[in-house]
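Listed here are the chains, written in short residue letters.
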Amino acid sequence: MPPPAPATNKSRKKAKLFGIGVLVTLGALVAWYPLSDHYAPYASGASITAQVTQIAPRVAGPVQHLLIADNAEVKAGQPLFQIDDSTFRMDVAQAQAQLDQALNSVSAGVAAIPAAEAKLAQAEVALLTAEQDLDRTTQLHQSGLVSVAKFNTADANHQTAQLNVEAARAEVERVKLTANTNDGNNPNLRTAQAVLDKAEFALANTTVLAPADGYISNLSLAEGQFVAAGTPAMTFINPKTQMIIADLRENQLVNVQPGDRAIVAFEAAPGRQFEATVDSIAWGINSGRTTVNGLAQSSNDTRWFPPARKVPVRVSIDDMSALPGSVRLGSEASVLIIPEDGLIPTIARTLMGLGSMLSGFN
């Protein structure tokens, strides 16, 4: 009985088509990677970051009131916690008393000016009298009518009167300087006012406020706990500064420029894609080269395919309000950069969407 030739030929044809399909698929995959790297760079394992501030008080003391809870949402200027202000209020009262004392000294100096000026006028009159007496005595002494002793006495009285005038004039200047309140030239008043301002500033800073709208995290504070000035007490996250940091291989950055369009997908938001923009590309990364005794050490890497170096790329979400609450600081993200529209970016975005949808079932 003859073999079924048509069935054999049909099987061979199917095998041939299958082989061609495999070859085409492999060729497409081989071509896809370099093309996608150039026209649709993709990076998984990206993460969302933001500016994180360690909030610390500017003054030291025990915590009197804790006004927020951990992971709370706060508004700009909202009180976070208060430090016991007892000693700071005492410092303000003491500084105010010192300023009042300085003002009283100024007032007393103002009142003393007329008396000092009167003494100066009196000394000037006495000097004029001594000058006239010295002139008369000098004439009489030259005529031989007055003894040398009397002339010496008149000269001494004149010199004493001159010294009295100088002392009285110096006293007037001193009193006026002490009583000076114009243009802040009084050093005692400036010192007392500065001490008061510093005490009031410290008192105001016993209440620690939120620097902006954001979230409190890692709260390590309790009422009664003593905190030192400059010691972090909690972490503040500013959501307006959120950004995506993606690491791309160097050959993926050939066509990437700041301002390029990007698509971001989050593990915390399966099936959703968010429009974004490339902000910047890092100017450099650590080369990993070490030094020994001040000299560069050569690399001994013997691998055939060394791992590719990756450069951080900063991407910002166009509409931050569109992010769901499930996306938090450090959430994992995937980033697709689209330097220009085309078939390859369209395919890459479709594949990215499918991957994002499937991640929701993991």
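What you are looking at is a predicted structure, and each value in this text was computed from that prediction instead of being measured.

## Remarks on the overall build of the protein
Looking only at helices and strands, the protein has five helices and 16 strands in total. Considering the protein as a whole, with its 362 residues, one finds that 29% of them fall into the buried category. Sequence-distant contacts, at least 24 apart, represent 78% of the contacts inside the protein between residues at least 6 apart. When the accessible area of the protein is evaluated, it comes to approximately 22,800 Å², of which 56% is carbon and sulfur surface.

## Comments concerning the sheet that holds strand E4 (residues 73–74)
One open sheet holds the four strands; their spatial order is E2-E9-E7-E4, and the pairing between them is antiparallel. Of all the strands in the sheet, just strand E2 (52–55) and E4 have a single pairing partner and so form its edges. As defined by bridge partners, E2 adjoins strand E9 (residues 234–237) across four bridges and the pair is classed as antiparallel. Note that in E9 the partner of Gln54 across the bridge is Thr235.

## Quick word on the confidence of the model for the protein
Considering every residue of the protein, the mean pLDDT works out to 82; 83% of them sit at 70 or more. For the protein, the element scoring lowest by mean pLDDT is helix H1 (residues 5–39), at 69; strand E5 (residues 79–83) scores highest, at 95.

## Considering the side chain of Ser316
Mapped onto the secondary structure, Ser316 falls in strand E15 (residues 310–317). A residue is classified by how much of its surface remains accessible, and Ser316, at 18% relative accessible area, is buried. Within the local environment of Ser316, its side chain forms a polar contact with the side chain of Asp279, the two groups lying 3.1 Å apart. Ignoring sequence-local partners within four residues, the contact set of Ser316 consists of Ala276, Thr277 and Asp279.

## Focus: unusual backbone geometry
Here Asn71, not a glycine, exhibits a phi torsion of approximately 65 degrees, which is positive. Mapped onto the secondary structure, Asn71 falls in the loop between strand E3 (61–66) and E4. A residue is classified by how much of its surface remains accessible, and Asn71, at 56% relative accessible area, is exposed. Of note, the phi angle at Asn218 is positive, near 55 degrees, even though the residue is not glycine. With respect to the helices, strands and loops of the structure, Asn218 is situated in the loop between strand E7 (214–217) and strand E8 (226–227).

Thresholds, definitions, all that
All residue numbers here refer to positions counted from 1 along the written sequence of the relevant chain. Note on the predicted model: pLDDT of at least 70 is required for a residue's local features to be given, and 80 or more for side-chain atom pairs to be given and counted; whole-chain, interface and lining totals, by contrast, use all residues. Side-chain calculation: all heavy atoms of the structure are included, whereas hydrogens and water are not. We count a stretch as a helix when DSSP gives it H or I for four or more residues in a row; a strand needs E for two or more, and each element gets its number in order from the N terminus. Residue burial is assigned from relative accessible area. The probe radius is 1.4 Å, only protein chains are included, and a residue is buried under 20% of its type maximum, exposed over 50%, and partly exposed in between. Residues count as neighbours in contact if any of their non-hydrogen atoms are within 4.5 Å of one another. Exposure was quantified through the Shrake-Rupley algorithm and a 1.4 Å probe, taking into account, for residues, occlusion by the shown protein chains and nothing else. Any two strands between which DSSP finds at least two bridges are classified as paired. Per-residue confidence from the predictor is given as pLDDT, running between 0 and 100. We define a polar contact as two N or O atoms separated by no more than 3.5 Å, with the added condition that, inside protein, one atom must be a possible hydrogen donor and the other a possible acceptor, whereas residues neighbouring each other in sequence contribute only through side-chain atom pairs.

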